[in-house]
Amino acid sequence: SRTPSAPATRETAHLVMAPKKKTEKVEEEVPQSEDEPEEPEILKKCLRAPGQLYYGDCKAGYKERKGRWIRHGNGLQVVTALAPMPHAFETVVLSSYEGQWEEDQPDGEGSYKWSDGSSYEGNMEQGKMHGQGRFVWPDGSSYEGSWFQGALHGQGRFDSRFDGGRYMQGQFHFNCFQKSDGRWVDILQHIKSHELREILEGNPLARVEQEAPKNKTKAKATKGSTMTSALGGCIRFTPGDPQRSLKQCLREALKGNLVPFILAEESCTLHALEALLAADVMTEPSSQCVSLRLAALEQRRQRDYKRFFAQALRSSILSGSCVALVFEDDAVVDLGEEAWLERSPSSGTSLEVLPDEWSLSCFFSGSALPPEIFAPMTFNARGKAPLLLPDGSDNGVLSTQETEATPAPSQDLMLRAAGELPESGAGSTGHIFEASEEELNARDPKDTRTLLGLPLHYQVHPVVVAQARMPDGMEDSEVRKWVKTRFWKHAPMHRLAVVVLTGSQEAETA
């Protein structure tokens, strides 16, 4: 497979995403004759619609398509949306396609990139992967071979990142492969189950790769082992640091597909939860913070403990806030739902051993606390957050199709929402803007799909918080050991990025 030459430079793509305020309407430019000529004129055009941007070859529409430009030839299309944040929005690129088009659909050689890190290079037919092509999943697993209407079908080879170099090669049948022992393997389910296992237990093969440079002797991977050794470097932050904020530290961890785990040193002026509440990452802390102690208590009493997580997730998703899972490990506490968030944690004390019932694995379930949110970038990029809302889709919040009730966004709003195309071709642009009070007041409260016509993309931003203090002055390796010793039973260590709140004036990132 090959990647066709780009019809537009990255700078051009940036300009496309920032439409001019004065532009002629497309309908006024298109010729109005009825019959399409045998060899239609192909022109370079920049087309835009809510959530879609296209730059490339076009031809005029005829008959029932009269008054439209039809994508036909080589072109680049970018699909965008707005991710809600507290008091702001971030422009995200959900996918980009660069390649050949025919009759308004990807058709021919092309390259697709998605915001979860997956990609495809190869042949397209009527908007689907069809013919010869190569698909790469975010973990590095890949399939190269024949496709039929979007499915792995025909002669091909699948290389699994989880299976230590093993592969399946031969005839595939609609995403399935029959092994030599007669068993059929659903490749998509195979990937899904391994991704979930990696979140819950870690990937032993990755640990072998990490240990190999350090130990020249062969390292054995233990089946089902938790990758506590994969706990990354510590992000250190001093409250009041003028150079950066705690919000930036949290975004840094989340963009790395990790969940921030906030801990405060004994000398820090703020305790961990207090610092989080002051970071302007929550709109309703009482609804968006979950005490694992209270959830465990309700579970032990055989009551509805899932309501804590459902309420917190719903509130955080709709507002773009963080959802905090809090270990009250500083002292024995006997406060209820109304008072626990207001208390001041004990200084210089902590529970020697955390109760096993506080383990996050006790609460993991698809309807309460999906373990997949511990790979937050992947979870959000695949549009899974709306599934956690009460009706399972929140009336189609991910839909980019316009309805009669969907307003057309103003040129000013589109201009302020414009962001630069990421280097990866998809994902977060880092462009954050605020909607005016007038725009927010004009928004229909029942419209959860758009911001005045621009599509919304809801996300989950999980954060883990421990109330007990940690000793001052520990090196990163000592921090990892301390966290591993204290929390290895209670959280997936390999999915956490430790954010240490220090009392020192020096803040550094490892």
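Residues numbered from 1 in each chain as written. Predicted model: local features only at pLDDT ≥ 70, side-chain atom pairs only at ≥ 80, totals over all residues. Heavy atoms only, no water.

### Concerning the pairing of strand 8 (residues 142–148)
With respect to burial, strand 8 is a largely interior element, five of its seven residues being buried. Sheet topology note: the strand 7 (residues 128–136)/strand 8 ladder contains six bridges and is antiparallel. Counted as the bridge partner of Val136 is Ser142 from strand 8. Pairing of strand 8 with strand 9 (residues 151–159), which is carried by six bridges, proceeds in the antiparallel orientation. What sits directly across from Trp147, in strand 9, is Leu152. (Buried < 20%, exposed > 50% of the residue type's maximum accessible area, 1.4 Å probe, protein only. Helix = DSSP H or I, 4+ residues; strand = E, 2+ residues; numbered from the N terminus. Pairing = 2+ DSSP bridges.)

### Some points on the environment of Ser436
Within the secondary structure layout, Ser436 lies in the loop between strand 17 (427–433) and helix 12 (437–442). Ser436 gets classed as partly exposed once you look at its relative accessible area, which sits at 29%. Remark: the alpha-carbon pair of Ser436 and Ala88, spanning 348 residues in sequence, is separated by 9.6 Å.

### So, helix 9 (residues 306–319)
Taking 1.5 Å of rise per residue, 14 residues should cover 20 Å, and helix 9 covers 20 Å from first to last C-alpha, within 8% of that figure. Those residues of helix 9 hidden inside the fold are in contact with strand 3 (69–85), helix 7 (285–288), strand 15 (289–291), helix 8 (292–300) and strand 16 (322–327). (Expected span 1.5 Å × (residues − 1). Contact = heavy atoms within 4.5 Å.)

### Describing unusual backbone geometry
Residue Asp104 is not a glycine yet carries a positive backbone phi of 75 degrees. Within the secondary structure layout, Asp104 lies in the loop between strand 4 (88–102) and strand 5 (105–114).

### Re the pattern of salt bridges
Here the structure, examined in full by the defined rule, presents 27 salt bridges. With a shortest N-O distance of 3.2 Å, Arg307 and Glu298 are connected by a salt bridge. Given a relative accessible area of 31%, Arg307 falls into the partly exposed group. For Glu298, a relative accessible area of 9% gives the class buried. The partner of Glu439 in a salt bridge is Arg416, and the shortest N-O contact between them spans 2.3 Å. Within this pair, whereas Glu439 is found in helix 12, its partner Arg416 is found in helix 11 (residues 411–417), the two being separated by 23 residues in sequence. A residue is classified by how much of its surface remains accessible, and Arg416, at 23% relative accessible area, is partly exposed. (Salt bridge = Lys/Arg side-chain N within 4 Å of Asp/Glu carboxyl O.)

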